[in-house]
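A structural walkthrough
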Amino acid sequence: MNTGWRYVVKQFSLLLVVALLCLLFLALGLVIGYGIIGDGKNPFAILSLETWKTLIGKFTGN
């Protein structure tokens, strides 16, 4: 019965690593797109909550 739990933990940890890598690459893509390709002066400003509020406000009209 112990090997069944090891398999579950191994699969869950693999899923967690893949999810963290996806978040890392998403953040890296946002930084490159906003700061280097786009017109942003500070590439890491896209990761702030204030920038996202401004972007969402532009799309929703608020």
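Reading the values: rules and limits
- Residues numbered from 1 in each chain as written.
- Predicted model: local features only at pLDDT ≥ 70, side-chain atom pairs only at ≥ 80, totals over all residues.
- Heavy atoms only, no water.
- Helix = DSSP H or I, 4+ residues; strand = E, 2+ residues; numbered from the N terminus.
- Rg over C-alpha atoms; globule rule 2.2 N^0.38 Å.
- Buried < 20%, exposed > 50% of the residue type's maximum accessible area, 1.4 Å probe, protein only.
- Areas by Shrake-Rupley, 256 points an atom, 1.4 Å probe, with all protein chains shown as cover.
- Patch = residues over 30% accessible without salt bridge, like charges linked within 9 Å, V, L, I, M, F, W, Y side chains within 5 Å.
- Salt bridge = Lys/Arg side-chain N within 4 Å of Asp/Glu carboxyl O.
- Polar contact = N/O pair within 3.5 Å; in protein donor to acceptor, adjacent residues only side chain to side chain.
- Contact = heavy atoms within 4.5 Å.
- Expected span 1.5 Å × (residues − 1).

Further remarks concern the overall build of the protein chain. Counting its regular elements, the protein chain contains 2 helices and 0 strands. A globule of 62 residues ought to have a C-alpha radius of gyration of about 11 Å, yet the protein chain, at 18 Å, is considerably larger. Dimensions of the protein chain, computed from the C-alpha atoms along their principal axes, are close to 55 × 25 × 15 Å. Taking all 62 residues of the protein chain together, 10% fall into the buried category. Summed over its atoms, the accessible surface of the protein chain is roughly 5,600 Å², and 74% of this surface lies on carbon and sulfur atoms.

A cluster of nonpolar residues, Val17, Leu21, Leu24, Phe25, Leu28, Ile32, Ile36 and Ile37, forms a patch on the protein surface that exposes about 810 Å² of accessible area. Secondary-structure assignment places Leu24 in helix 1 (residues 2-37).

Assignment of secondary structure puts Lys41 in the loop between helix 1 and helix 2 (49-60). Taking C-alpha positions, Lys41 is 21 Å from Leu24, a pair spaced 17 residues apart along the chain.

Our next topic: the side chain of Thr51. For Thr51, the location among the structural elements is in helix 2. A polar atom in the side chain of Thr51 sits 2.9 Å from the side chain of Ser48. Apart from the residues within four sequence positions on either side, Thr51 is in contact with Tyr34, Ala45 and Ile46.

With that settled, the discussion passes to helix 2. If you check helix 2, its first and last C-alpha atoms are 16 Å apart, about what 12 residues at 1.5 Å a residue would give, namely 16 Å. One or two steps after helix 2, the chain reaches Gly61, where phi turns positive at roughly 85°.

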